[in-house]
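Coordinate inspection notes
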Amino acid sequence: MAGVYVHGDSTRSLEQYKDTSEGYVSRDFTYYGNGCAKTWGDGGSDIPCSTRIVTTSDNEDQKNGTYYHFQAATSGTGSSITTENALVPDSFCPLGWQLPYGGTGGDYYDKSRSWKYLAGRYNLLYSTDVKVYPFSFVLGGSFFQNSGLLFNQNLSGNYPVAAIGTKSYHNYSFSITAGFNYATSENKGNANPVRCI
């Protein structure tokens, strides 16, 4: 990937990773560094925080801190597809694994490899705690390439799915906070943790 950044010094500014160019949603950036708990209202964090360990609700410590841009997670196929609920043809998931299906319609959004299906199968659709086995989701927060800011570690988690969102420059993701939302439309330029299924 052309835009892979590795960052381990928690005192350095994230300004160097900021990309305000018009084409940033079609680049394949990956940010590897510490997440940060600062919220939207706090304006995000422009420096990495000191921890990369996040504890799930079933007391499993997971290392956090790799944030994949949608273009990187879809192996370069995500930015050129612009129709809502259209599926991307590829991902960087290992052989036999894939980005989950999602969105609000189409042929696969509620089939066996979709978050809607899995949430129903494991009674997570109306759960207030979705960070338990067998998923053990991490509230990893997000890295925003266009602002160079980190947000919401231990407060929220967004995980991209293989479907295009409500706008041509959006992708769908499922999001978790106090509950589970399997159809969140967000900017393709946001970088998030990724789960393959």
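What you see is a predicted model; the values in this text were computed from it and never measured. (Residues numbered from 1 in each chain as written. Predicted model: local features only at pLDDT ≥ 70, side-chain atom pairs only at ≥ 80, totals over all residues. Heavy atoms only, no water.)

1. Side note on the sheet that holds strand E8 (residues 157–164)
Note on sheets: strands pair through backbone hydrogen bonds, and any given pair is parallel or antiparallel. Strand order in this open sheet of 3 strands is E8-E9-E10, and the pairing throughout is antiparallel. Looking at strand neighbours, the two that pair on one side only are E8 and strand E10 (180–187), the edges of this open sheet. Direction aside, the axes of adjacent strands within the sheet are offset by 35° on average. One ladder, built from 5 bridges, connects E8 with strand E9 (residues 170–176); its direction is antiparallel. The residue bridging Ile 164 from the neighbouring strand is Asn 171, located in E9. (Pairing = 2+ DSSP bridges. Helix = DSSP H or I, 4+ residues; strand = E, 2+ residues; numbered from the N terminus. Axes fitted to C-alpha atoms, helices over the stretch in contact; angles between N-to-C directions.)

2. A look at the state of the cysteines
Within this structure, the stated rule accounts for 1 disulfide. For Cys 93, the disulfide goes to Cys 196, at an S-S distance of 2.0 Å. One disulfide, between Cys 93 and Cys 196, carries an S-S torsion of -80° and so falls in the left-handed class. Here Cys 93 is found in the loop between helix H1 (70–73) and helix H2 (115–121), whereas its partner Cys 196 is found in the segment after strand E11 (190–192), with 103 residues between them in sequence. Take Cys 93: its relative accessible area is 11%, and that puts it in the buried class. (Disulfide = S-S within 2.5 Å. Buried < 20%, exposed > 50% of the residue type's maximum accessible area, 1.4 Å probe, protein only.)

3. Let's talk about the pattern of salt bridges
Evaluated as defined, the whole model comprises 1 salt bridge. One salt bridge in this structure joins Lys 111 and Asp 110, with 3.6 Å as the shortest N-O distance. Lys 111 gets classed as partly exposed once you look at its relative accessible area, which sits at 42%. (Salt bridge = Lys/Arg side-chain N within 4 Å of Asp/Glu carboxyl O.)

4. Side note on the confidence of the model for the protein chain
Overall, the prediction assigns the protein chain a mean pLDDT of 81, with 87% of residues at 70 or greater. Per-element confidence in the protein chain ranges from a low mean pLDDT of 44 for strand E1 (residues 3–6) to a high of 93 for H1. Confidence over residues 1–10 falls short of pLDDT 50; this stretch has 29 contacts with residues more than four positions distant or in other chains. (pLDDT = per-residue confidence, 0-100. Contact = heavy atoms within 4.5 Å.)

5. What to know about the side chain of Ser 173
Of note, Ser 173 is situated in strand E9. In this structure Ser 173 comes out as buried when scored by relative accessible area, which is 0%. A distance of 3.3 Å separates a polar atom in the side chain of Ser 173 from a polar atom in the side chain of Glu 186. Leave out the neighbours within four places in its chain, and Ser 173 touches Asn 158, Tyr 159, Pro 160, Val 161, Asn 181, Tyr 182, Ala 183, Thr 184 and Glu 186. (Polar contact = N/O pair within 3.5 Å; in protein donor to acceptor, adjacent residues only side chain to side chain.)

6. Side note on the environment of Asn 59
On the secondary structure map, Asn 59 appears in the loop between strand E3 (53–55) and strand E4 (61–63). Spatially, the C-alpha atoms of Asn 59 and Ser 136 are 9.1 Å apart, while their sequence positions differ by 77 residues.

7. A closer look at the nonpolar core
Trp 115, Phe 137, Phe 174, Ile 176 and Phe 180 are the most contacted members of the largest nonpolar core, which totals 17 residues. Counting residues in hydrophobic clusters, the runner-up holds 9 residues, among them Phe 70, Ile 81, Cys 93 and Ala 162. (Core = buried A, V, L, I, M, F, W, Y, C linked by side-chain atoms within 4.5 Å.)

8. Here we look at the packing of aromatic side chains
A complete count under the given rule lists 5 aromatic pairs for this structure. Pairing Phe 144 with Phe 151 gives two aromatic rings, centres 4.9 Å apart and planes at 50°, and the pair type is tilted. One exposure class covers both Phe 144 and Phe 151, and it is buried. Taking 5.0 Å as the distance between ring centres and 10° as the angle between the ring planes, the aromatic pair formed by Tyr 159 and Phe 174 counts as stacked. Linking Tyr 159 in strand E8 with Phe 174 in strand E9, this pair joins segments that are 15 residues apart in sequence. The burial state of Tyr 159 is the same as that of Phe 174; both residues are buried. (Phe/Tyr/Trp six-rings, centres within 6.5 Å; stacked < 30°, edge-to-face > 60°.)

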